[in-house]
Structures are given as structure tokens and as C-alpha cells.
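Structure at a glance
Read off the chains here:
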Amino acid sequence: MTSHRGGPAGGQWPHPVIRLPHEQELFAHGRGVQDHIADRITAFAGSMGFVYVHLVWFAGWILINEGIFGPAAVFDPFPFGLLTMIVSLEAIFLSTFVMVSQNRQAARDTIRADLNFEASVRSEVWSTNLGRALGLDPEEIERQTQDLLAASRDKMNSKMGRPQA
């Protein structure tokens, strides 16, 4: 929370301004070295650089083991059992890194949803109180809001070919 100067008549506001924490700040507190490493590996594994490295690696492996440099250089003859095992192990580890990143993204999405819900509740409370202070009828405003939401849903459903409610 921070206090805010420059309130009415240049004085101080009677209460501090309330600020919700940013989702990235909350999420950054829970990240460790292992999380950073997993994110970097996952980011690289999802890039074209990863594809190119593997393309060169597989082509080189196959060419060497097909005898392009002579029979003495062959260390994993066809059907390339060693290559198959290495690739299988790599797939296991990469899928684990992807799942770790997905779990962390799910946690981040939960934090974001919680903060959005809190902001929505704050907005609703403020709007209701401001409306009452202005002499507006909250029930009438809610009825109008529900009508607008229903019309919006109907319009969206008709565009998507869904039955209307």
C-alpha cells in the first residue's frame, strides 16, 4: 500500500491508496533456480533452433553409422539402437520439463484469476457504493446489466451457431 498526496484541495487523502499486487510479482517469489533452468530448456525445446540442432545431429549420426567415414567410424550400426535409446531418454526428460512448465503456468493462471476476482469484487463494491451515493437504484442497474449481458450472449451464440437461451 502506498499513500497518495494531492487529494482534495491539495491535501493528503484520508486513507492510503490500495494497490493489488501484480501477478508477476507474486509469481516471481515462488521461482527458484530449477524453475529458471526448466523454463530455459522448455523454451529452447520449443524453438526452431532445437529442430535444426536435431536435424544436424540425426543426419550426422546416420551418415557416420552408414559408413561415410569408413567402417572404423561406425559405432551404432543400423537399426541405430543407441540413437533410439538416447532419443527416448531425451523425450522422457523433455516431456518432464514441459509438464513442469505447464504446472507452473497453471499456478500463474490461478494467481491471475484470484487477482482478477479480487479486482472485480473491489470494482463491484465501489460501483455499488458510488451508485448509491449518486442516488441510483442498484436493482434497476443490475436488471439493465443482466439484460445487456443476455443480449450479448445471444448475439455471440447466434454468431457461433449455438442455440439461444
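Here the residue numbers are simple positions, counted from 1 along each chain's written sequence. Owing to the predicted nature of the model, reporting of local features is limited to residues with pLDDT of at least 70; listing and counting of side-chain atom pairs is limited to 80 or more, with chain, interface and lining totals taken over all residues. Only hydrogens and water are removed before side-chain values are computed, so all heavy atoms of the structure are retained for them.

For the chain, an unreviewed UniProt entry supplies the name DUF1003 domain-containing protein and the organism Streptomyces siderophoricus.

Next up on the list: the packing of aromatic side chains. The pairing test for Phe, Tyr and Trp rings, Trp by its six-membered ring, is centres within 6.5 Å, and the orientation test on the planes gives stacked under 30 degrees, edge-to-face over 60, and tilted for anything in between. Under the counting rule described, the total for this entry stands at 5 aromatic pairs. Ring geometry for Trp61 against Phe75: centres 4.9 Å apart, planes inclined by 75°, an arrangement best described as edge-to-face. Linking Trp61 in helix α3 (residues 48–65) with Phe75 in the loop between α3 and α4 (81–133), this pair joins segments that are 14 residues apart in sequence. Summary of the burial criterion: residues with accessible area below 20% of their type's maximum are buried, those above 50% are exposed, and those between are partly exposed, where the area comes from a 1.4 Å probe applied to protein chains only. You can call Trp61 buried: its relative accessible area is 10%. Taken together, the ring pairs connect Trp57, Phe58, Trp61 and Phe75 into an aromatic cluster. Helix and strand assignments follow DSSP, with helices taken as H or I runs no shorter than four residues and strands as E runs no shorter than two, numbered in order from the N terminus.

As a further point, take the side chain of Asp76. Mapped onto the elements, Asp76 comes out in the loop between α3 and α4. Here the side chain of Asp76 touches Leu83 through a polar contact of 3.0 Å, landing on its backbone nitrogen. Here a residue-residue contact requires only that any non-hydrogen atoms of the pair lie within 4.5 Å. Beyond its immediate stretch of four places on either side in the chain, Asp76 contacts Trp61, Asn65, Gly81, Leu82 and Leu83. Distance and chemistry together define a polar contact, namely a pair of N or O atoms within 3.5 Å, with one atom able to donate a hydrogen and the other to accept it when in protein, and with adjacent residues in sequence counting only for side-chain atoms on both sides.

This part covers the pattern of salt bridges. A side chain with one charge may pair with a side chain of the opposite charge, provided their charged atoms come close. A pair is scored as a salt bridge if a Lys or Arg side-chain nitrogen falls within 4 Å of a carboxyl oxygen belonging to Asp or Glu. For the structure shown, the criterion picks out 6 salt bridges. Of the charged contacts, one joins Glu140 and Arg143 as a salt bridge, the two residues approaching to 2.5 Å between their closest N and O atoms. Taken together, the residues Glu140 and Arg143, both in helix α5 (residues 138–160) and 3 residues apart, mark about one turn of the helix. Looking at Glu140, the relative accessible area reads 30%, which means it is partly exposed. Two residues, Arg143 and Asp147, come together in a salt bridge whose shortest N-O distance is 2.7 Å. Here the residue Arg143 and the residue Asp147 both occupy positions in helix α5, the gap between them amounting to 4 residues, near one helical turn. On the basis of relative accessible area, Arg143 is assigned to the partly exposed category, the value being 43%. The class for Asp147 is partly exposed, based on a relative accessible area of 43%. Connected through salt bridges with shared partners, the residues Asp35, Asp39 and Arg104 form a single ionic network.

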